[in-house]
Each structure stands twice: as structure tokens, then as C-alpha cells.
Amino acid sequence: MSYTDTFIRVAEDCPAEIGTTPVSGRPLPPAHVIQYQLLAGAPYQYNHEELLYQVHVRHKEIPEEERDSRREEIWAELFAKNHPCLRASMLPKKYGWGVHYDAEGKIALYAKESPEYDYYSSSGEAGVKLLNAMRSKRR
């Protein structure tokens, strides 16, 4: 699911008080670590589908040459099934990151303690639709 002019707030039950960089001790990093690396390094570069694709090829360790030669095939296989939106990502659920989709659907992360997070999450002036990240636990 792709959004435009939307801000996903940190989940109500998020344990992080500030935006925390996710890390993993695994040799192959989990999706949320790759999401963070991509979005923190290049805000507003990826839309939802592009982000999913980049996370997929990195997580599966698909070589650059194969990504270039089989891009359309990999893309078609990946999007043959549905994928959760970033409301379900560990970034806003556990690590304290708000997710902003601009008018073009490009994505940026904002730490819970940042002025940008405050602006998007509490100001009607921001002109964005506000959504909460999914809770980690049932009520």
C-alpha cells in the first residue's frame, strides 16, 4: 500500500522514547534494518514499491548484475503478492521513527523527538493524513 501526504506516528506501545538506530547481530540483516539504512541515507528517494524492491534484493543478496538484468522479472515476482505497509514496520513500532510520505509518495523517517516529528504528528498545518503504526501487542 502506497500513501501520499501521510504521516505514520510511532505506535502507542513503542518502547523507544527517541528514534533509535536498529542494529542486528545476524549476518543477513532483517528488513527493518535495511529499511532504516535506505531511508536514513536517502530521505524522499524511495516510494513504497521502490523501497520494498530495494529491501528485497538486498535481503536476498541478489547481485547487482542480476538486479540489472532481471529487474522486471524480480519486480513482477515480488509484487505478485501483497506486502504490508510501513505501519507494520518495526521502525515505528519499536524503534521510535515516524514515517512521512510526501505528495509524490516518497518516504522519509523522523525521530520521535525531532521538531519535524512534532510538526507532522501534531499540526493541522502540515496538511497530512495522520495514521498510527500498528501496536506490537493487543490491548
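Placed above this text is the structure.
Description of the structure in this document.

What counts and how
- Residues numbered from 1 in each chain as written.
- Predicted model: local features only at pLDDT ≥ 70, side-chain atom pairs only at ≥ 80, totals over all residues.
- Heavy atoms only, no water.
- Phe/Tyr/Trp six-rings, centres within 6.5 Å; stacked < 30°, edge-to-face > 60°.
- Helix = DSSP H or I, 4+ residues; strand = E, 2+ residues; numbered from the N terminus.
- Buried < 20%, exposed > 50% of the residue type's maximum accessible area, 1.4 Å probe, protein only.
- Lys NZ or Arg CZ within 6 Å of the ring centre and 35° of its normal.
- Core = buried A, V, L, I, M, F, W, Y, C linked by side-chain atoms within 4.5 Å.
- Contact = heavy atoms within 4.5 Å.
- Salt bridge = Lys/Arg side-chain N within 4 Å of Asp/Glu carboxyl O.

## Focus: the packing of aromatic side chains
Here is step 1: Under the criterion given, the structure shown has eight aromatic pairs.
Here is step 2: Taking 5.2 Å as the distance between ring centres and 75° as the angle between the ring planes, the aromatic pair formed by F7 and Y117 counts as edge-to-face. Here F7, found in strand β1 (residues 6–9), pairs with Y117, found in helix α6 (residues 115–122); they are 110 residues apart in sequence, far enough to count as distant. Residue F7 shares its accessibility class with Y117, and that shared class is buried.
Here is step 3: Aromatic pair F7 and Y120: ring centres 5.5 Å apart, planes at 20°, arrangement stacked. With a gap of 113 residues between them, F7 in strand β1 and Y120 in helix α6 connect regions that are remote in the sequence.
Here is step 4: Classification of Y120 by relative accessible area gives buried; the value is 14%.
Here is step 5: Counting every residue linked through ring pairs, the aromatic cluster contains F7, Y110, Y117, Y119 and Y120.
Here is step 6: Sitting over the ring of Y53, R71 keeps its end group 4.6 Å from the ring centre.

## Here's the deal with the nonpolar core
Here is step 1: If you look at the biggest cluster of nonpolar residues, it comprises 33 residues, and the most contacted ones within it are I8 and L51.
Here is step 2: Counting only elements with at least two residues in this core, the list comes to β1, α1 (31–41), α2 (48–59), β2 (97–101), β3 (107–111) and α6.
Here is step 3: Examining the composition of this core, we find that five residues originate from one element, β3, more than from any other.
Here is step 4: Look past the residues within four positions of L51 in its chain and what remains in contact with it is Q35, L38, L39, Y46, L86 and I107.
Here is step 5: Counting five residues, the second-largest nonpolar core is a separate cluster that includes Y53, V57, I62 and I74.

## Structural notes on the pattern of salt bridges
Here is step 1: Enumeration according to the criterion identifies six salt bridges in this entry.
Here is step 2: Residues E50 and K106 are paired through a salt bridge, measuring 3.5 Å at the closest nitrogen-oxygen approach. Residue E50 is located in helix α2, and its partner K106 is located in the loop between β2 and β3; the two are separated by 56 residues in the primary sequence.

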